Amino acid sequence: MALGDLMASRFSQSSSLAVVSNHYDECASTHADDDAVDLASQQRDSEAASSSYGNAGAGITTSMAYLPQTIVLCELRHEAFEVSVPTGPSDSGIVSKWRPKDRMKTGYVALVLCLNISVDPPDVIKISPCARMECWIDPFSMVPSKALDTIGKTLNLQYERWQPRARYKVQLDPTVEEVKKVCNTCRKYAKSERVLFHYNGHGVPKPTPNGEIWLFNKSYTQYIPLPVSDLDSWLKTPSIYVFDCSAAGMIVNAFIELHDLNASASSGATRDCILLAACEAHETLPQSPEFPADVFTSCLTTPIKMALRWFCTRSLLHDSLAYSLIDKIPGRQNDRKTLLGELNWIFTAVTDTIAWNVLPHDLFQRLFRQDLLVASLFRNFLLAERIMRSANCSPVSHPMLPPTHQHHMWDAWDMAAEICLSQLPTLVEDPNAEFQPSPFFTEQLMAFEVWLDHGSKEKKPPEQLPIVLQVLLSQCHRFKALVLLGRFLDMGPWAVDLALSVGIFPYVLKLLQTTTPELRHILVFIWTKILALDKSCQVDLVKDGGHTYFIRFLDSLEAYPEQRAMAAFVLAVIVDGHRRGQEACIEAGLIHVCLKHLQGSPPNDGQSEPLFLQWVSLCLGKLWEDFTEAQIMGLQADAPGIYVPLLSEPQPEVRASAVFALGTLLDVGCDAFRDGARGDDDCDDDEKAKAENSIIKSILSVASDGSPLVRAEVAVALGRFAFGHRQHLKSIAASYWKPQTSLVLNSLPSLAHIKGGGSGYTTTNQYMPHPSIVASQIGPLTRVGSDTASLVREGRVSTSSPLAGTGIMHGSPLSDDSSQHSDPGILNDVISNGVVHHSRPIPLDNAMYSQCVLAMLTLARDPSPRIASLGRRVLSIIGIEQVVAKPGNSTGSSARPVKATTSSPAPTLAGLARSSSWFDMNAGHLPSTFRTPPVSPPRPSYLTGMRRVCSLEFRPHLMSSPDSGLADPLLGSAVASGGSEHSLLPQSTVYNWSSGHFSKPLLTATDDSEEILIRREEREKFALEHISKCQHSSVGKLNNQIAGWDTKFEAGTKAALLQPFSPIVIAADDNERIRVWNYEEAALLNGFDNHDFSEKGISKLCLVNELDDSLLLVGSCDGNIRIWKDYCVRGKQKLVTAFPSILGHKPGSRSFNAVVDWQQQSGYLVHPFSLNICSIIVDDYFRFRL
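Residues numbered from 1 in each chain as written. Predicted model: local features only at pLDDT ≥ 70, side-chain atom pairs only at ≥ 80, totals over all residues. Heavy atoms only, no water.

If you look the protein up in an unreviewed UniProt entry, it shows as Raptor N-terminal CASPase-like domain-containing protein from Linum tenue. According to the UniProt record, the Sequence similarities (unreviewed entry) comment for the protein reads "Belongs to the WD repeat RAPTOR family." (UniProt positions renumbered as here; feature names shortened; annotations may be inferred.)

Q: So what exactly am I meant to see when it comes to the nonpolar core here?
A: Burial of nonpolar side chains together is a common tendency in soluble globular proteins. Core analysis: the biggest nonpolar cluster contains 224 residues, and W413, F440, F488, W527, L554 and Y643 have the highest contact counts within it. Beyond its immediate sequence surroundings of up to four residues, Y643 is in contact with L598, V616, S617, L620, W624, A658, A661 and L662. Among the nonpolar cores identified, the runner-up in size contains 35 residues, and Y199, L215, C245 and L275 belong to it. (Core = buried A, V, L, I, M, F, W, Y, C linked by side-chain atoms within 4.5 Å. Buried < 20%, exposed > 50% of the residue type's maximum accessible area, 1.4 Å probe, protein only. Contact = heavy atoms within 4.5 Å.)

Q: Would you mind showing me how to read the sheet that holds strand β1 (residues 106-113) here?
A: Backbone hydrogen bonds are what pair the strands of a sheet, in a parallel or an antiparallel way. The strand order β2-β1-β3-β6-β7-β8 describes an open sheet built from 6 strands, whose pairing is mixed. The open sheet has two edge strands, β2 (167-172) and β8 (396-398), and neither has a second partner. Looking at each pair of strands side by side, their axes are set apart by 10° on average, direction ignored. With 6 bridges joining them, β1 and β2 adopt parallel strand pairing. The partner of L111 across the bridge, within β2, is V170. Sheet strands in contact with helix α4 (residues 144-160) are β1, β2, β3 (194-200) and β6 (239-244), and its direction is about 155° off that of β2. (Pairing = 2+ DSSP bridges. Helix = DSSP H or I, 4+ residues; strand = E, 2+ residues; numbered from the N terminus. Axes fitted to C-alpha atoms, helices over the stretch in contact; angles between N-to-C directions.)

Q: Explain the pairing of strand β7 (residues 273-277) here, please?
A: For a regular strand, the rule is simple: side chains alternate between the two faces of the sheet. β7 sits mainly inside the fold: 5 of its 5 residues count as buried. Taking every second residue as pointing to the same face, both faces of β7 are buried, with C273, L275 and A277 on one and I274 and L276 on the other. As paired strands, β6 and β7 are joined by 5 bridges and run parallel to one another. Residue pairing for β7: V242 is matched across the bridge by L276. Inspection of the sheet shows β7 paired to β8 by 3 bridges, in the antiparallel sense. Counted as the bridge partner of L276 is S397 from β8.

Q: What exactly am I supposed to notice about the sheet that holds strand β22 (residues 1134-1140) here?
A: Here we have 4 strands laid out as an open sheet, ordered β19-β20-β21-β22, and antiparallel in their pairing. Edge positions in the sheet fall to β19 (1098-1104) and β22, since each of these pairs with one other strand and no more. Recorded for the sheet is a direction-independent mean angle of 20° between the axes of neighbouring strands. Sheet topology places strand β20 (residues 1111-1116) next to strand β21 (residues 1120-1125); 4 bridges connect them, and they run antiparallel. By the bridge assignment for β21, L1112 is matched with W1124.

Q: Please clarify how the confidence of the model for the protein should be interpreted in this entry.
A: One rule of thumb: low pLDDT means the predicted coordinates there are not for detailed reading. Averaged over the protein, the pLDDT score is 74; the fraction of residues at 70 or greater is 69%. Scored below 50 in pLDDT, residues 670-680 makes 20 contacts in the model with residues more than four places away or belonging to other chains. Contacts for the low-pLDDT stretch residues 883-978, under 50 throughout, to residues beyond four places or in other chains number 206 contacts. (pLDDT = per-residue confidence, 0-100.)

Q: What am I meant to see in the pairing of strand β5 (residues 223-226) here?
A: With 4 bridges joining them, strand β4 (residues 213-216) and β5 adopt antiparallel strand pairing. The partner of I213 across the bridge, within β5, is L226. Between β4 and β5, which follow one another and run antiparallel, lie 6 residues, and Y220 among them has a positive phi close to 55°.

Q: Mind showing me how you'd approach the environment of L372 here?
A: As for its placement among the helices and strands, L372 is situated in helix α13 (residues 372-389). Note: C-alpha distance between L372 and W162 (210 residues apart in sequence) is 7.8 Å.

Q: Sorry, what's going on with the pattern of salt bridges here?
A: When the charged atoms of two side chains with opposite charge come close together, those side chains can pair. Taken as a whole and judged by the stated rule, the model has 28 salt bridges. Its salt-bridge partner being K126, residue D120 comes within 3.3 Å of it at the nearest N-O pair. Exposure remark for D120: the relative accessible area of 44% places this residue in the partly exposed category. We classify K126 as partly exposed; its relative accessible area is 40%. The salt bridge involving K535 is made with D576; its shortest N-O contact spans 3.4 Å. (Salt bridge = Lys/Arg side-chain N within 4 Å of Asp/Glu carboxyl O.)

Q: Can you help me understand the side chain of N200 in this one?
A: Note that N200 resides in strand β3. A polar side-chain atom of N200 sits 3.3 Å from a polar atom in the side chain of E134. When neighbours within four sequence positions are excluded, N200 is seen to be in contact with V112, L113, C114, L115, E134, D244 and D294. (Polar contact = N/O pair within 3.5 Å; in protein donor to acceptor, adjacent residues only side chain to side chain.)

Q: Help me understand the packing of aromatic side chains in this model?
A: Taken as a whole and judged by the stated rule, the model has 27 aromatic pairs. Three or more aromatic residues link up through ring pairs in this structure, and these residues are F296, W356, F364, F368, F378 and F381. Its end group placed over the ring of W162, R161 keeps NZ or CZ at 4.4 Å from the ring centre. The ring of Y991 carries the charged tip of K622 above its face, separated from the ring centre by 4.5 Å. (Phe/Tyr/Trp six-rings, centres within 6.5 Å; stacked < 30°, edge-to-face > 60°. Lys NZ or Arg CZ within 6 Å of the ring centre and 35° of its normal.)

Q: It is not clear to me how the packing of helix α9 (residues 303-312) against helix α11 (residues 339-358) should be interpreted in this structure. Could you clarify?
A: For any two helices packed against each other, one specifies the crossing angle of their axes together with the interaxial distance. Direction vectors running N to C along α9 and α11 enclose 90°, while the axes themselves pass 10 Å from each other. Classified by the angle their axes make, α9 and α11 are roughly perpendicular. Judged by residue contacts, P303, I304 and L308 of α9 engage L340, L343, N344 and F347 from α11. Residues that form the contact of α9 with α11 fall into these classes: 6 nonpolar, 1 polar and no charged. (Parallel < 35°, antiparallel > 145°, perpendicular 65-115°, else oblique. Nonpolar A, V, L, I, M, F, W, Y, C, P; charged D, E, K, R; others polar.)

Q: What exactly am I supposed to notice about the side chain of Q470 here?
A: Mapping Q470 onto the fold places it in helix α17 (residues 465-471). Excluding residues within four positions of it along the chain, Q470 makes contact with W345, T348, A349, D352, F441 and Y507.

Q: Looking at this model, I keep getting lost on helix α14 (residues 409-422). Mind explaining?
A: Given 3.6 residues per helical turn, the α-helix brings residues three or four places apart onto the same face. In this model, α14 (14 residues) spans 20 Å end to end at C-alpha, consistent with the 20 Å of a helix rising 1.5 Å per residue. For α14, every residue scored as buried is listed here: M409, W410, A412, W413, D414, A416, A417, C420 and L421. Contacts from the buried residues of α14 go to α9, α11, α13, α15 (424-429), α16 (440-454) and α17. (Expected span 1.5 Å × (residues − 1).)

Q: Hey, could you run me through helix α38 (residues 865-877) in this one?
A: The end-to-end C-alpha separation of α38 is 19 Å, in line with the 18 Å expected for 13 residues at 1.5 Å each. Of all the 13 residues making up α38, 12 are buried; the element is thus mostly covered by neighbouring parts of the structure. All of the buried residues in α38 are R866, I867, A868, S869, L870, G871, R872, R873, V874, L875, S876 and I877. Where α38 ends, the next residue or the one after it, G879, has phi of about 95°, a positive value.

See the structure below:
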């Protein structure tokens, strides 16, 4: 079964097991993770409960009332939204290890043969008979000059087999000058490429102890030494040397000493120099006639022939197989369907496997993956070590390799060689005889499959991984190899890194050019796993045109939605921050394909699987992110209208992705028409303004969404909108600084009245476009400019001014490009009867801008700390920042004058540091207001008043805080470039967070399922036993005290909650300080604050998922709900989710006490709907909205 089919069967089986547990079956999520968790838990709960009921006794007939089956808040998005920032696919770190830093090529080869045929060197005593063959040629079978020339040409041909594109220079019995000339020539023309120097010294004396090799004089009457230092200076680096002579280890030692000396002299600089030597310094080359004289060279250049000859002398085929037949092996080495090609294929797989399992990965990459010729020589070097060690000779290399001659994979090679050689006589006699392939690869794939069944990250990696790579070259084994490879990659990022390190990448990249339909699903899965680890592969995919493969798959209706979601993920990574990828995908019609499937899928259609909708949305969002051409195409295709239905999808991941896609449609790079500079494209600008108006309306409709994941994307989208419309939003904000009457404040709009399909509620739009939102949100306000001249004089704040109260708001437009040149630009806007009159037109109406400001303020007070941080950062873009004032300075009837410096600020980021230092989250219990930074250039009188407000401790270190939300991207005059400003915008996390889904195992269930089942069964048994005891016991007395201790709450205990299965009690006071106790030991387990806002008050404590790892639901009086996990472990509590349960609530209000309750069995949350509507709502928040 194909891997894709395996996945599909898993999903379909999950869907078919849907046990109806309660209330909302027809809307049950089809999301893969939701099904896997919810359905598995329902099935095991029903089975465990039924068995437990039987054991508990027949008298317990209402046990279902006590044992709820529903498990909520257990999806991936609830793990740790607040404490972790997902990174998504990376292009650094672990991924930098598998990709070779510098691909190299050996461009020139110098072959130096010093044979001096018929003259033996003086220091060598040969045996009789002895080895005579050089390049498989007997030099005494012809005249010496012809033999020397033939041997040289043959060696050239043997090297060309491994690197046909290199340039070869052959020197036969040369002088020192001739060697110098050829070396300089090779280095000159090779440039930065590698040069190979092959030295055969069988006709000259052994190298000297100093590492000198011997050459000849012109008359061949003397041996002339050549120091390795001269050779190294001629060839330079990068280079590779092959020394085939006795005592060759002396040369290697001399090179190492030379390089160490040079490295110490040049401050540790290393040279890329590789050395291969036939034997160690004290050894002599084997002279047995069973070997050729150049056995080392034969192993390096003709490994198959050398290996088979050596093997035949040691196998049972010795008597039945003649050496001459080995020279007649039919086929070509590059044709795997022939005997010779199959042997070469197996040999490559065996040697690669040995190297992969023995060498460190970085050394393996350098020697076996960086250079084609170097890789071939080192594979063959492993054979030379095996053969020559049998003759008591040890080849040497630098870098040095560990011993490999006894590796067990050589046994697999011997068996494969024997099977192939057994067919050789028949194939030689009958050329039409059919060749039977070796079972080597089938057996190795079986071994790999066995490892997959029992292996893990903690165990030794599978040694067959390089063989799987080789198997991909064969059509008959390719499908199974890909399926097994997919299973391996699914084990985690560590497995993907291993596969990439072994060299799998170019193979799977090449396979994208195939049209075989059965490979499509598994290839998409493999590329999903690769790109989930390494984003940098996007460049290779676009370069080879691989993006079209995934677009076609995405548009194919034959594939399952989960598989098409993987294709959408791959395409999203391809276009993520990669302009060439964006352009290529646009040319291939990706926008049309995605919008077609978003628009054409009915709500209950199988193609509308949540994961598919989620990733199609994210793919489009990444496609047109910061890419004006794609944004225009999306607007022309009515993308905003197509996304509206997705905002009401039950899955938060889908809604968040839709908001992300809508937000990236907002252009933040061009402010021409927004600033009133209208050109000839008035019609286009009007259409764009209309589209932006539609987008913002859709985004605002989910500003009060129950899921933090969605609200975070709303904040990011509003940040992009605020950046592009900052002039007009600042003018709206400036109008709010004028104090308003209570009648106006009471008529403010509410987010609950924003009409939109994604809110989940249908209410009339009772919005009044009166610009007073800021005042209603944060208290008394004032306007800085001519209106505030009476308020701020000589550093004093009038006691009758709102500045002297708890709400302190100074403000002015931000110091941006336009306001620097026109200081009163926005302050010149005239305010009359609450209506702002602009001196130039704006593309959107004031009502929409007012709704945006309201949404920004609401997000800045969000119960989720991360979203509140994003909201404050968005407010800073339009010139509003929060200032925490000390009680002594904010509640008194008067304020002491504080003198301030009047020096002009330097054009640096100092203003940014001051801005950050004015807000201290640690003082969250103090009254807080909002303020706006000063106009640039500032007026001295204004600075004096601002100094009074902002006279808190200066903390420059807060500049670097990524989540402070206070860094105004336009405060410093030095921040003028668009790139720098854009980098300070709130950043979306839904894409990176969603990418983590594909890094996790997708084909197997999680390993902790059994542990969860065991723990749940124990708790069910405990509950049923105690229920039975209560039913049969006498009535207990309420005055029997179990435990007692002092909670040490200054204001007294407001709420308390007992855990059902452990002696733990959770208590909270009215300041929302939560403490967890073990009441048997009177020991404090943990204590923490529910939030840092100044408005405090506990309404309700509830336990969620009592039978499993319970969560703590904390309801505040202001209607905000926060849910915590790991709350019993000191300092380890994590906020799972947070949301406001009351729509239209103005943050800071304490005039009511919201009532909430949670019903575990049904999964219902009971809470008020709105302060303006006297009703409550029973909401299925946890299953579908959070």
